[in-house]
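# Analysis of the macromolecular model
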Amino acid sequence: AQTVTQSQPEMSVQEAETVTLSCTYDTSESDYYLFWYKQPPSRQMILVIRQEAYKQQNATENRFSVNFQKAAKSFSLKISDSQLGDAAMYFCAYRLNNNNDMRFGAGTRLTVKP
Amino acid sequence: SQTIHQWPATLVQPVGSPLSLECTVEGTSNPNLYWYRQAAGRGLQLLFYSVGIGQISSEVPQNLSASRPQDRQFILSSKKLLLSDSGFYLCAWSVWDAYTEAFFGQGTRLTVV
């Protein structure tokens, strides 16, 4: 079975600084999609960014970008110019192209210090 | 536009009592449907997913069951709750295309006492 590992239970960053959240996954497949979700205190799950495994170019969404290393099965999230509103749980997720389930990591709780 | 409704938002149930959490999706047809559990301090654990009416895949053997009686309705049930069933339950839907993300409901906070 596919597994997703987030090795950092908690991270903190100073406002306006940059932070990187780590994610690794285990699969023997080559065609899949990766996602980062944000869960603020409201508990609503919000998609932050996605990456197609067949694309070598790293995805970027405004202040959020990923470092996708397919050979290493690594998918880290970089948040630049951190804002207080970025404080949340962040989940990495994985979905096979020929499968219907979506697997999540244990999450990283990000604290932003003013 | 598509919306997902999940209820109730909070629930306190005694040990041994039954459970029924309901999730419905509007604005789409034949969605993939998912039930996740988020235990305190832990990640999202996939419990069940469904690709069609009556089609349920169970990921973790446990005290819970799921049913999909209608295309856009997904129900999580238990005949007898355990203390370990406490947690935050999230329903989600997606289209079949793996490129598309899953969209989540607001969640149900279940406390078994």
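Located above this text is the structure these notes cover.
Residues numbered from 1 in each chain as written. Chains lettered and ligands numbered in written order. Predicted model: local features only at pLDDT ≥ 70, side-chain atom pairs only at ≥ 80, totals over all residues. Heavy atoms only, no water.

## Quick notes on the state of the cysteines
All chains considered together, the criterion is met by 2 disulfides over all chains. Across a sulfur-sulfur distance of 2.0 Å, Cys23(A) and Cys92(A) are joined as a disulfide pair. Because the torsion about its S-S bond is -70 degrees, the bridge between Cys23(A) and Cys92(A) counts as left-handed. With Cys23(A) in the loop between strand 3 (19–21) and strand 4 (24–26) and Cys92(A) in strand 10 (residues 88–96), this pair connects stretches of sequence that are 69 residues apart. With relative accessibility at 1%, the residue Cys23(A) sits in the buried group. Paired by a disulfide, Cys23(B) and Cys91(B) hold their sulfur atoms 2.0 Å apart. Judged by the sign of its S-S torsion, about -80 degrees, the cystine formed by Cys23(B) and Cys91(B) is left-handed. Taken together, the positions of Cys23(B) in strand 3 (residues 19–26) and Cys91(B) in strand 9 (residues 87–94) put the pair 68 residues apart, joining distant regions of the chain. Summarising the burial analysis for this pair, Cys23(B) and Cys91(B) share the class buried. (Disulfide = S-S within 2.5 Å. Helix = DSSP H or I, 4+ residues; strand = E, 2+ residues; numbered from the N terminus. Buried < 20%, exposed > 50% of the residue type's maximum accessible area, 1.4 Å probe, protein only.)

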